[in-house]
Amino acid sequence: MKEHEVGELQTINQQVMIDLIGNDHNEIIRFQQQFLIQAKQSLQHIATFYRTEQLAKIKEEAHFLKTSAKAVGAEICAHHLQTLEDSSQEQDKATCKLHIQSLSEELKRVYHCITPNG
Amino acid sequence: MSSLLDALPLLEVTENGEVCAANSPACELLNVTIDELLGKPLASLFAFTQHVSYQCIKMNESKNITAYFKNRFPYTLHCYKTKPNHYDILITCNQTCAITPLTPNSSYILDTAISCAKIGIWRVDNSLNNVYFSDSFYQLIKKSPAQGLSWDQFVSLIHPEDQITLKSFFTNSIADVPLSLEFRMTINGHLHWYQLLANQPNNYKKYWYGTLQECSQEKQMTKALSEANENRRIALEAGKIGNWSSVKRNGHWEWEWDKQANAIFQMDLTEDSKITSWLKNIHPQDTSNVFKAFRHALDTGNEFEQECRYIQPSNNVIHVLVKGLVSKNEQRESIRMDGVVIDQTAAYKTKAQLQEINLNLEEKVRDRTTELNKALEHAETANKSKSDFLSMMSHELRTPMNVIIGALDLLTLQQNSFEEQELLDTASISANNLVSILNDILDITKIEAGKLELDCINFDFSELLYNILVVFGPIAHSKGVNLSVYESSTLPLTIHNDDNRIRQILFNLISNAIKFSGNDKTHAGTVDISVSWEPENEIIHTLVISVKDNGIGIDKDTQKKLFSPFTQGDKTTTRRFGGTGLGLAICGRLIDLMGGQLNLHSELNIGSTFTVRIPTWQFEPRKVDTLFSAITLICSNSTVPNIQQLIKIVDMFCNEVHVIDWDALPQLDKLSTYILAVDNMQSSLQYNMLKTIDHNAVVLVEKGDITQLKQLIKDTPTGFLSTQTLFSIQKLLRRLVHTHNDSTPHLSATDFDLNLVCEPHLPNQGLDINSQLTQVCDDSLLYATTDSNTQDNPTILLVEDNPFNQNLMTKQLNKLGYQCDIAENGVLGLKQWQNKAYTLILTDCHMPEMDGYEMTRQIREIESNLDKPHIPIIAVTGAAMKGDRDYCLSKGMSDFISKPITLDKFKNVIGRWYEGA
């Protein structure tokens, strides 16, 4: 993904889910909630893998979550997961840390975006 | 003086010798009455020892004569002639002197000796009037001497045939030649033989003197001996056995044989040297042996026995057995040999004929065996050809049939008029039935060829049963048949067996039960399935499944042949219910393969119960899985079997189960969880209660149409009460947990806070985390995907490890009108593809266990080996790098599509490959 395109990415691109399953609001919310549950668990795993320096597993977990993020339109999340995947593949622990922190922050934004009262 | 005369025994005799008077003393002395004396000739009363005649006595003279009264008692008769023509006789008894002589004289000794020798003495004069029988004579003929006996009386006692001989006994005599006669006499019912000897002294021809001896024993012995001889003769003659003997005389052996032996040898008996002639006629090949055997017997004294061929003078060759025993003298020298010769020609001929017959029979048996082997070979070849043909035809037919079914399914997805849809449904059902029959034919062919092998895995039997009930529930409902299941709570979580074959068996039994169950105006059809788990010993448990219906039943004769291929109850059954008759035959053989049993109990017009017993060695016990601390079951009647079964199962997953009547609960509490057993949808109470459900209840319907219920309570787990299993109840309760969690995720922004402070490296921690991850995913997100796993007729296989993507793509496929099965990795994907005919595979590329590339490689390899057409495999991956598509295609995949996939993109790609398949 080109650098100038990063700025165009959205925390939640609602159109993505509409393209995927149609304009079924309840169903979309349901998928978004499922994504959050999955993201919470994946983030915990990634953090653990980081602490235990299992960078290869960070790559796998990031790839695992990335497809879900793309599906719910969590474009920035997906971007962070892709960069995390790349840096973990390169065994660059310092960069991994930065991307994990960015991912954490972005997931909070996704949470607020999806959960109106959140 | 006169008194003296009165005291003396006196007789008065006339001149012609008759007694004319007798006094009492005479009668007393002779021990007779006067009538026995008067008028009787004196000679008939007394036997005189010498020829005397008192008639020569002159007047006033006397003479003493010794005589025997009744031939027995000796008296002295003192004869006086006192009157003309009259004689007076004084009788004096001299018996004392005769019986007890003081000094034995020669006469006494002779009498005693004769008596001891049991020889009777007799004498009779030529007129046969004057007769004397000795005491021993009387004893021999069992008469008392006191009785006395005349000659005629004696003659009358003997056998009538011998009387004639006796009567001519004396008349035909030759002078000076002693007479001898044997005669019979029956005494006290027993036949006695006697020998009578008689002679007349040369100097006195007036009397016959003789003896009598009993010769019964001699006669019997002679008779027995004669009979024995005759029997022996007949036996020897009948047995063609001749006697021979050889006696050593003057250093030479002289040979003799009897008539029967010569009948065998047919030799000229006038020849001097019989043995030389005999040996000359022995068959040349046997002569040496016979001669040696003879010599050996004579030298050693051993028994002689030799079989040989003998050439009769008529050149007829006979087979004889010659046997002999050697006798020795005191010096242990062989002095004679006695033996037999047996003509065994007939036996030899029979034996030869038997041998010939045996040889002929053996040859015939060999020929027949060869023919049968050829016939068997032909039959086996024909059978194999038939099986191969059936197998090939079935396979070849099945492939285009699947295409037809697929095409019909696609047509069904279009907008069709009611009539068109009806026709499509009919065609689809018929096509599926035909494929089912083809599958059965393939199976029975494989089984009979011994090629069918079980493919065992660990699986949840309860899940398998539920999936079957999902299929048969609507069918039973449409027929008005009540289908119920009763599972034991001890059923293990998994058992190790061939799940596909067990499914096939249950499909068959349940299908038959529903098909044949009674369902008329008088009583509803019922099919009860019960499953139990019985321990046989510490190692083996038995899974017992019984399927009971109240259908038409099966008579005893049909039961015997029911498990043979192509056999149904009768032709009427085939006409009425259809089917090929292969199902039970396949079931029986499959259960045999599993080492189990299939038993049938059936009564005509009552129903049938099929019981399957499958031994199981490997299984995993069910673990405690507490999903709720408490749950409330609302029902109308908690005592009915279905509710009791439900309570038993729910109790396995909840700490407490409260059972409450519908009437007792005015409103559902949203903070509680419920199971509602609906038995009457028309009840306003139940209807209103159902309207208040809010993600906190499972609804189970006793019977009826569930569509109306689903419209009322969207997104609430529902099912039929009577067909719930351990698996389905657990699944419904888990879904209830999940739904509850989904509705209240309890997430907050802080859930995404991080702790990246490095910890000491724990090598195994990663594994644990993975396990936790899997566990979490299973618990939270897998349910929706599991729903997809139970689609009725999925033709797409989705291989994807991410539960989120599983849900998403399943939803997308459903929206596009497709249904899919889900596999979580390449290993499971490969297995599911092998077990089921899919039209299309959608696969992720990166997965644990086995990735999509490897799965594709293995599928393509199997397809090539089996010469099967390639199934379209579409890679669905998050990677979107340049070259990924080429890489996927190079690995054998048919197409490539990157995530996320929009509906349009999905529709285009799947449509292209699905329709092209």
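Nothing here was measured: the structure is a model prediction, and the numbers come from that model.

Q: So what's going on with the environment of E106(A)? Residues and values would help.
A: Residues and elements named next belong to chain A. Along the chain, E106 turns up in helix α6 (residues 93-114). Residue E106 is classed as buried on the basis of its relative accessible area of 1%. Separated by 26 residues in the primary sequence, E106 and H80 place their C-alpha atoms 8.6 Å from one another. Dropping the residues within four chain positions of it, E106 is found in contact with T11, I76, C77 and H80. Side chain to side chain, E106 and T11 meet in a polar contact 3.1 Å long.

Q: Which residues make up the nonpolar core, and what values do they have?
A: Core analysis: the biggest nonpolar cluster contains 66 residues, and F461(B), L506(B), I510(B), I529(B), L543(B) and I675(B) have the highest contact counts within it. Counting 39 residues, the second-largest nonpolar core is a separate cluster that includes I28(A), Y111(A), I114(A) and L808(B).

Q: Tell me about the packing of aromatic side chains, and name the residues and values.
A: Residue and element names in this part refer to chain B. Tallied over the entire structure, the rule returns 24 aromatic pairs over all chains. Here the aromatic rings of W533 and F619 are separated by 5.0 Å at their centres, their planes lie at 75 degrees, and the arrangement is edge-to-face. Of this pair, W533 sits in strand β20 (residues 525-535) while F619 sits in strand β24 (residues 619-620); the two residues are 86 residues apart in sequence, bridging distant segments of the chain. What makes W533 buried here is its relative accessible area of 10%. Judged by relative accessible area, F619 falls into the partly exposed class, the value being 30%. A cation over an aromatic ring shows up here: K219 above the ring of W193, its NZ or CZ 4.4 Å from the ring centre. For the cation-ring pair, K351 lies above Y348, with the distance from its terminal atom to the ring centre recorded as 5.8 Å.

Q: Which residues make up the sheet that holds strand β4 (residues 62-69) of chain B, and what values do they have?
A: Within a sheet, adjacent strands bond to each other through the backbone by hydrogen bonds, running parallel or antiparallel. All names here are of chain B. What the six strands build is an open sheet, ordered β2-β1-β6-β5-β4-β3; its pairing is antiparallel. The open sheet is flanked by β2 (19-22) and β3 (46-48), the only strands paired with a single partner. Pairwise comparison of adjacent strand axes, ignoring direction, gives a mean angle of 35 degrees for this sheet. For β4 and strand β5 (residues 73-83), the ladder comprises eight bridges, and the chain directions are antiparallel. Bridged to Y68 within β5 is P74.

Q: Pulling in residues and values, what's your account of the environment of F610(B)?
A: Residue and element names in this part refer to chain B. Within the secondary structure, F610 sits in strand β23 (residues 607-616). Considered as a pair, F610 and I529 are 81 residues apart in the sequence and their alpha carbons are 9.8 Å apart. Contact partners of F610, with chain neighbours within four places excluded, come to L509, I545, S546, V547, I554, L562, F563, L584, L598, N599 and L600.

Q: Describe helix α27 (residues 852-866) of chain B, listing the residues and the values that go with them.
A: All names here are of chain B. Given a rise of 1.5 Å per residue, 15 residues ought to cover 21 Å, and the 21 Å separating the end C-alpha atoms of α27 matches this to within 8%. For α27, the set of buried residues is G852, Y853, M855, T856, I859, R860 and E863. For α27, the angular spread of buried residues about the axis comes to 160 degrees, placing them on one side. Tucked inside the fold, the buried residues of α27 contact β30 (796-799), α26 (826-835), β32 (840-843), β33 (873-877) and α28 (884-890). Downstream of α27 by a residue or two, D867 has a phi angle that is positive, lying close to 55 degrees.

Q: Now, about the sheet that holds β23(B): what can you tell me, with residues and values included?
A: Residues and elements named next belong to chain B. One open sheet holds the five strands; their spatial order is β18-β20-β21-β23-β22, and the pairing between them is mixed. A strand with exactly one partner marks an edge of an open sheet, and here the two such strands are β18 (481-487) and β22 (597-603). Between one strand axis and the next, the sheet turns through 10 degrees on average, direction left out of account. Two elements, β20 and strand β21 (residues 541-549), share nine bridges in a ladder whose sense is antiparallel. Bridging from a neighbouring strand, W533 pairs with L543 of β21. In the packing of helix α15 (residues 461-479) onto the sheet, the strands contacted are β18, β20 and β21, and the crossing angle to β18 comes to about 165 degrees. Set on the sheet, helix α19 (residues 583-593) makes contact with β22 and β23; between it and β22 the angle comes to about 140 degrees.

Q: Which residues make up the confidence of the model for chain B, and what are the values?
A: Residues and elements named next belong to chain B. Of the residues in chain B, 87% reach a pLDDT of 70 or more, and the chain-wide mean stands at 81. At the low end of the mean pLDDT range in chain B sits helix α24 (residues 765-789), at 36; at the high end sits β21, at 95. With pLDDT under 50 throughout, residues 96-104 is counted as low confidence; its partners more than four residues away or in other chains account for three contacts. The low-confidence segment residues 760-792 (pLDDT under 50) makes 53 contacts with residues lying over four places distant or belonging to another chain. Under the prediction, the complex receives an ipTM of 0.86, its pTM being 0.42.

Q: Tell me what's going on with unusual backbone geometry, and back it up with residues and numbers.
A: Negative phi is the rule for most residues except glycine; trans is the rule for most peptide bonds. Residues and elements named next belong to chain B. A positive phi angle is found at E849, which is not glycine, with a value near 70 degrees. Looking at the secondary structure, you find E849 in the loop between β32 and α27. We note that D867 has phi near 55 degrees; this positive angle belongs to a residue other than glycine. Given a relative accessible area of 71%, D867 falls into the exposed group.

Q: Go over the side chain of S517(B) with me, naming the residues and quoting the values.
A: Residues and elements named next belong to chain B. Among the secondary structure elements, S517 is positioned in the loop between α16 (499-516) and β20. Classification of S517 as buried rests on a relative accessible area of 7%. A distance of 3.1 Å separates a polar atom in the side chain of S517 from the backbone oxygen of I514. Those residues within four positions of S517 in sequence are excluded, and the remaining contacts are V481, G525, T526, V527, D549, N550 and G551.

Calculation notes
- Residues numbered from 1 in each chain as written.
- Chains lettered and ligands numbered in written order.
- Predicted model: local features only at pLDDT ≥ 70, side-chain atom pairs only at ≥ 80, totals over all residues.
- Heavy atoms only, no water.
- Helix = DSSP H or I, 4+ residues; strand = E, 2+ residues; numbered from the N terminus.
- Buried < 20%, exposed > 50% of the residue type's maximum accessible area, 1.4 Å probe, protein only.
- Contact = heavy atoms within 4.5 Å.
- Polar contact = N/O pair within 3.5 Å; in protein donor to acceptor, adjacent residues only side chain to side chain.
- Core = buried A, V, L, I, M, F, W, Y, C linked by side-chain atoms within 4.5 Å.
- Phe/Tyr/Trp six-rings, centres within 6.5 Å; stacked < 30°, edge-to-face > 60°.
- Lys NZ or Arg CZ within 6 Å of the ring centre and 35° of its normal.
- Pairing = 2+ DSSP bridges.
- Axes fitted to C-alpha atoms, helices over the stretch in contact; angles between N-to-C directions.
- Expected span 1.5 Å × (residues − 1).
- Arc of directions from axis to C-beta.
- pLDDT = per-residue confidence, 0-100.

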